[in-house]
Amino acid sequence: MKYVSFVLVFAITATLAILVSIPLGQIPPLAPLLDPNHGFWQNSFSEDQLAEEEISLQNLSSPVEVVYDENLIPHIFAQNDADLYRAQGYITAKHRLWQMEFQTMAAAGRISEIVGPMALELDRMTRRKGLAFGAELGLKFLQEKDPETLALVEAYADGVNQYIEQLSDARLPVEYKILNYRPEPWSAYKSLLLLKYMSDMLVGDRDLEYSNLRKILGEVGLNRLYPDFPKDNDPVIEKERVWDFQPLPVSKPDSIPYPDDALTLGNLPQPIEGTGSNNWAVGGSKTKNGKPILANDPHLSLNLPSLWYSMQLSNPEHSVKGATLPGALGVISGFNEHIAWGVTNATRDTRDWYKITFQDDTRKAYKYGAEWKQTDFRIEEIKIKGQQSYLDTVVYTHYGPVVYDRTFKTERQDINFALRWVVHEGSNEQRTFLTMNKAKNHSDYNAALDHYTAPAQNFVFASKSGDIAMRIQGKFPLKWPGQGKFLMDGADPRMEWQGYIPNDQNASTLNPARGFVSSANQHPVDPSYPYYVFDNSFEHYRNRRLNRRLSEMTQITVDDMKALQFDNYNLQAAEALPVMLNLLGTYKAESSEAEKYVKELRAWDFFADPNKKGQTLYSIWFSETAESIWRDLLKNEMPLVRPNSYQTIELMTLFPNDSVFDIKESNVMETAAYHVQAGFDSLLVAMKKWEEEEGDYSWANYKKTTIQHLVPNFKSFSVSNIYTGGASGILNATGSRHGASWRMVVELGDTIQAFGVYPGGQSGNPGSKFYDNFIPVWANGDYLDFNLRTQQTAEGVLFKTILK
Amino acid sequence: MRFIFLTVLTALLVVFLNPVAPFWAVMIGIGLISALLYPNGIGGFMGGGLGMGLTWLGQSIYLGIVTSSPLPDRMGELMGMGTGMTLIGITGVLGFFLGGFSGWTGVLFRKVLQKEPKNIYRG
């Protein structure tokens, strides 16, 4: 009997122990997660409670001191570059390990390994775009051409890996505990992959949509609704700039045979609307202190842990501070003792599609002129949590990978398109940032930028010596006008890019007469620039508001620049709303609701402040109106992109009776007024529903700005309904899911004054008080002190750690 | 008396061994202590259970107080279990069952090893 009862109870105990240590469906292993000594409870500590005076870090040539300020911003003091970046890797991993690994897993198309089959399609798309392929070429480039930079990238990786090796179960980031996996070793390759991921996030193309539009509208109709330059072009580089170089010749073929299939294949995911940025610098002639001031606010998806991580990196040679990208070396947007710089996305179509004609079903060769060229096959093994790996064969041509083929997103057996993208060429973006971090003047800045390929950026610059500058840097293909706007025939060698715009002919300006430089993702140049420049997503409002304000401002202070970053003026509404109210006339005047809304709209001052109701009403009304105007066009069952808001408003204003407003199926001739009124009807319906369900429709309550955890399901790790103003197309471009991901203002006086903030916190741990503590500061338009510190600075020290 | 001893020793084991060893190592430890102290079956179960359960409960409450972290609430919401208070309770209950069954197993293990008394007196 005693044997039986022992075996029985032992079996129950063992079964219980096993059940709570294995995952059950989506539920992670319970005991390791709930164990107060190793599980999530241990992630309740904030970093200052876990402060260590000394940490062992191998391979350093001398000890490194890390001083955390009261916001947990580390200031790293090392004796040389290798030590500095090794420490940067270690410290970044200490605070952001899960995020940096997760982002590179996404860039490598390996999310299925973590979350299972639901991410397979996403992973296939990522692999087929060739991001990992590009990063491999980037690594090869460093091995062959820049071993010095490679050594530093490897030092960083070593720092990350030493942290991973020291990591106890208790300190393991909570996301690993919930998702039940562990970090794998970091490598130089992963750092490069991260920079490719940024390209993917920021670069789009609409070749497919434009090809379809060309077929529907014809060349003339297309150019009218989608002109290459707007009427009010206010470009990044001032219009007055004289191009004092001899451009390279670009020859346009006499006749261009575009692939003319009915194109209904899928399209690459595009950068989400609202992804953009502002940067500017004002010269001493316009500022109160006579010193240049530089400002930068990149707009990206608002996520937690934040994309950015603030740091100061110092060695005897230089001291640089600003925003770093966890996983990449150095500071990406920041300043040192001599200069400041910042970035905005230099939107331009650098992604082109070529139709591939294979010789036969084996896809071993494809037509190119009179010959057949050989393809390469790359087998992508996608590991899937809880399932067998998926093997995806991707065909590579000399243009790049065949993203769409018979196995992926197209039903037609004969449709194959290869992607040509500069991301698939060896490049050295990391070198740009490492050199920029040490730059002392304008020529150092230019030399740093010469290494930069993608994603193209508008690099703003200001120096203590009084210079301000802007340079649009990227590797831009030489194209004939119209090239790459539509899908091209890959069998025709005349469709090839004809080289690249030389770096010294990329649009740039130094100390322009107007006293400022600025960019807000608008057209880079005036039509006088000798090279073809095209994109579908240029900005039309933030740039004009910004330049208007900078032109009229004098005696500018740092506070003025902060206020301008937080400027909520809706220029689009200021231009469109009077036209819309006019076209609305007395429509629905008898309804008391309509009267109330019209009254609120008329009284609105066009500022998208959080408490304004006019902004809510306008945003719904305009989007419903535009929807109504282009519904006829978008009825075509193929991927299309509709004319932008600027063009729509221009048509409504100047040509309200134009035939574009007519709905073909109806018997009467519709005009702009019809659509404005239809939009107003939709507004009334939407508002009735909103007022019944939610009540308050002031702007912040309506747009519900949310900063979402990188795993969208982890809702309680996100911060939602943040009370703040702004919207897409407004300088304070804070929409519901996008906005200023980092704000920085730097005055380059004798002592540099710097301020910065981002919507998140230094810690990646949702249990830490430093996880989201910057959000209220950011939402309020306030800033943190970002001045450079010396090793001796005593005030505001949270704790210090020596690495040795 | 043995039951109280077992409770206290289990608690000490959790406090000192658990930070450096996983929960299953603690379970083995509780089984061994329970076998050594040899209370009755209920005493073994309750001693091991209360020792580990109360310690886990206390530790999670303590961590909540010293860190004032929002994490327990966030985890509670994430796991669909309401607030952090629920998770404190679940942690305690889980600890109770793991410790309790370990303690009981220890007692029964000792019983298996125990020689029958009749062998001593009757040769």
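From a predicted model like this one, the values you see are computed outputs, not experimental measurements.

## Details of the overall build of chain A
Next, step 1: When you go through chain A residue by residue, the secondary structure sums to 21 helices and 29 strands.
Next, step 2: On C-alpha atoms alone, chain A measures out to a radius of gyration of 28 Å, which is about the 28 Å that the 2.2 N^0.38 rule sets for 804 residues.
Next, step 3: Here the C-alpha coordinates of chain A stretch approximately 90 × 70 × 65 Å along the principal axes.
Next, step 4: Counting every position in chain A, which comprises 804 residues, the buried fraction comes to 61%.
Next, step 5: Residue pairs in contact within chain A that sit at least 24 positions apart in sequence constitute 73% of those at least 6 positions apart.
Next, step 6: As displayed, chain A has an accessible area near 30000 Å², and 51% of this comes from carbon and sulfur atoms.
Next, step 7: Of the side chains in chain A, 79 bear a positive and 99 a negative charge, and the two mean positions are spaced by 1 Å.

## Description of the overall build of chain B
Next, step 1: Each helix and strand counted, chain B has six helices and zero strands in total.
Next, step 2: Ordered by position from N to C terminus, the α and β elements of chain B give α-α-α-α-α-α.
Next, step 3: For chain B, whose C-alpha radius of gyration is 17 Å, the value lies well above the compact-globule estimate of 14 Å for 123 residues.
Next, step 4: If you line up chain B on its principal axes, its C-alpha atoms span 65 × 25 × 25 Å.
Next, step 5: Counting only residues that meet the buried cut, chain B has 48% of its 123 residues in that class.
Next, step 6: Residue pairs at least 24 apart in sequence account for 79% of intrachain contacts in chain B once pairs closer than 6 positions are excluded.
Next, step 7: Counting every atom, chain B has about 6300 Å² of accessible surface; 73% of that belongs to carbon and sulfur.

## Thoughts on the sheet that holds strand β17 (residues 417-421) of chain A
All names here are of chain A.
Next, step 1: Judged by pairing direction, the sheet is mixed, and its four strands sit side by side in the order β16-β17-β11-β20 without closing on themselves. Unpaired on one side and paired on the other, β16 (402-404) and β20 (488-489) mark the two borders of the sheet.
Next, step 2: In this sheet, β17 lies alongside β16 in antiparallel orientation, the contact comprising two bridges. Residue Y404 lies in a different strand from β17, and its bridge partner there is F417.

## Concerning the domain arrangement of chain A
By a widely used convention, the size of an interface equals the accessible area lost when the partners come together.
Next, step 1: By domain assignment, chain A separates into domain 1 (2-200) and domain 2 (571-697).
Next, step 2: Centre-to-centre, using C-alpha coordinates, domain 1 of chain A lies 48 Å away from domain 2 of chain A.

## A closer look at the pattern of salt bridges
Close approach of charged atoms allows side chains of opposite charge to pair.
Residues and elements named next belong to chain A.
Next, step 1: In this structure the tally under the stated criterion is 48 salt bridges over all chains.
Next, step 2: The salt bridge partner of K129 is D200, with a shortest N-O separation of 3.0 Å. With a gap of 71 residues between them, K129 in helix α5 (residues 120-129) and D200 in helix α9 (residues 188-202) connect regions that are remote in the sequence. The same class applies to K129 as to D200, namely buried.
Next, step 3: Between K475 and E425 there is a salt bridge, with its nearest N and O atoms 2.7 Å apart.

## Regarding the pairing of strand β19 (residues 468-473) of chain A
All names here are of chain A.
Next, step 1: Across the six residues that make up β19, a large majority, six, are buried.
Next, step 2: The two faces of β19 match: I468, M470 and I472 on one face and A469, R471 and Q473 on the other face are all buried.
Next, step 3: Looking at chain direction, strand β18 (residues 457-463) and β19 are connected through six bridges and run antiparallel. The residue bridging A462 from the neighbouring strand is I468, located in β19.
Next, step 4: Two successive antiparallel strands, β18 and β19, enclose a turn made up of four residues, where G466 displays a positive phi of approximately 105°.

## Concerning a nonpolar patch on the surface
Residues and elements named next belong to chain B.
Next, step 1: On the surface, F3, I4, V8, L9, L12, V15, F16, I42 and M46 cluster together into a nonpolar patch covering about 800 Å² of accessible area.
Next, step 2: Among the elements that line the nonpolar patch, the one with the most residues is helix α1 (residues 2-17), at seven residues.
Next, step 3: Looking at the secondary structure, you find I42 in helix α3 (residues 41-67).

## Here's the deal with helix α7 (residues 147-166) of chain A
Next, step 1: Taking 1.5 Å of rise per residue, the 20 residues of α7(A) would be expected to cover 28 Å, and the 28 Å separating its terminal C-alpha atoms lies within 8% of that figure.
Next, step 2: Here α7(A) lies mainly inside the structure; 14 of its 20 residues are buried.

## What about the interface of chain A and chain B?
Next, step 1: Between chain A and chain B, the residue contacts involve 39 residues of the former and 41 residues of the latter.
Next, step 2: When the two sides are added together, the surface that chain A and chain B hide from each other amounts to roughly 3400 Å², 75% of it contributed by carbon and sulfur.
Next, step 3: Inspection of the region where chain A meets chain B yields one salt bridge.
Next, step 4: Taking the shortest distance from any N to any O, the salt bridge between R74(B) and D772(A) comes out at 2.9 Å.
Next, step 5: Summed over the shared surface of chain A and chain B, the result is 13 residue pairs in polar contact (both at pLDDT 80 or more).
Next, step 6: Counting residues per element, the ones that place at least two in the side of chain A that touches chain B are α1 (2-19), α2 (30-34) and α8 (174-179) of chain A.

## Considering the sheet that holds strand β29 (residues 797-803) of chain A
All names here are of chain A.
Next, step 1: One open sheet accounts for eleven strands, arranged β1-β29-β2-β3-β7-β8-β9-β10-β18-β19-β21; its pairing is mixed. In the strand order of this sheet, the two ends are held by β1 (54-55) and β21 (508-510), each with one partner.
Next, step 2: Pairing geometry for strand β2 (residues 64-69) and strand β3 (residues 74-77), over four bridges, is antiparallel. Considered in β3, the bridge of V67 is made with H75.
Next, step 3: This element, helix α12 (residues 442-449), spans β18, β19 and β21 of the sheet and lies at about 10° to β19.

What counts, and where the lines are drawn
Residues numbered from 1 in each chain as written. Chains lettered and ligands numbered in written order. Predicted model: local features only at pLDDT ≥ 70, side-chain atom pairs only at ≥ 80, totals over all residues. Heavy atoms only, no water. Helix = DSSP H or I, 4+ residues; strand = E, 2+ residues; numbered from the N terminus. Rg over C-alpha atoms; globule rule 2.2 N^0.38 Å. Buried < 20%, exposed > 50% of the residue type's maximum accessible area, 1.4 Å probe, protein only. Contact = heavy atoms within 4.5 Å. Areas by Shrake-Rupley, 256 points an atom, 1.4 Å probe, with all protein chains shown as cover. Lys, Arg positive; Asp, Glu negative; His and termini not counted. Charge placed at Lys NZ, Arg CZ, Asp CG, Glu CD. Pairing = 2+ DSSP bridges. Domains from an automatic or database assignment. Salt bridge = Lys/Arg side-chain N within 4 Å of Asp/Glu carboxyl O. Patch = residues over 30% accessible without salt bridge, like charges linked within 9 Å, V, L, I, M, F, W, Y side chains within 5 Å. Expected span 1.5 Å × (residues − 1). Buried area = accessible area lost by both parts, 1.4 Å probe. Polar contact = N/O pair within 3.5 Å; in protein donor to acceptor, adjacent residues only side chain to side chain. Axes fitted to C-alpha atoms, helices over the stretch in contact; angles between N-to-C directions.

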